[in-house]
Amino acid sequence: MAMLMEACIKARLNIVISGGTGCGKTTLLNTLSAFIPNDERLITIEDAAELQLQQEHNRPLGDAAAEHRRKRRGEHGATW
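All values reported here derive from a predicted model rather than from experimental measurement. (Residues numbered from 1 in each chain as written. Predicted model: local features only at pLDDT ≥ 70, side-chain atom pairs only at ≥ 80, totals over all residues. Heavy atoms only, no water.)

A. Geometry of the overall build of the chain. When helices and strands are tallied, the chain shows three helices and two strands. Taken from N to C terminus, the helices and strands of the chain fall in the order α-α-β-β-α. Within the chain, the fraction of its 80 residues that count as buried is 19%. Look at the contacts in the chain between residues 6 or more apart in sequence, and 14% of them connect residues 24 or more apart. (Helix = DSSP H or I, 4+ residues; strand = E, 2+ residues; numbered from the N terminus. Buried < 20%, exposed > 50% of the residue type's maximum accessible area, 1.4 Å probe, protein only. Contact = heavy atoms within 4.5 Å.)

Structural data, given as structure tokens:
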């Protein structure tokens, strides 16, 4: 299965991950992200920043974007 998913990612196919709370969606996405080449641009939309993407060109949108920017600057805590 891992080889199939890696081939799909490298072929730049669309992959939909869905499921209920606590079923492992975030863990699966974090694992699959290792197959994404570092020069690919990633855009993520999350309510809370849970994904731990290591790619240089990751651009979060939505509520998680502000948290991502704070982490990159080394800031902690809420800013409201």
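B. Local environment of the side chain of Ser33. Considering the arrangement of structural elements, one finds Ser33 in the loop between helix H2 (25-32) and strand E1 (42-45). Within the structure, Ser33 has its side chain in polar contact with the backbone oxygen of Asn30 (distance 2.7 Å). Sequence-distant contacts of Ser33, defined by excluding residues within four places in its chain, comprise Leu53 and Gln55. (Polar contact = N/O pair within 3.5 Å; in protein donor to acceptor, adjacent residues only side chain to side chain.)

C. Structural detail: the confidence of the model for the chain. With 80% of its residues at a pLDDT of 70 or more, the chain has an overall mean of 80. Within the chain, the element-level pLDDT minimum falls on helix H3 (residues 63-73), averaging 68, and the maximum on helix H1 (residues 2-10), averaging 92. (pLDDT = per-residue confidence, 0-100.)

D. Region of interest: the pattern of salt bridges. Per the stated rule, a full pass over the model turns up two salt bridges. Note that Lys10 is salt-bridged to Glu6, the shortest N-O span being 2.8 Å. Here Glu6 and Lys10 lie together in helix H1, a separation of four residues that amounts to about one turn. (Salt bridge = Lys/Arg side-chain N within 4 Å of Asp/Glu carboxyl O.)

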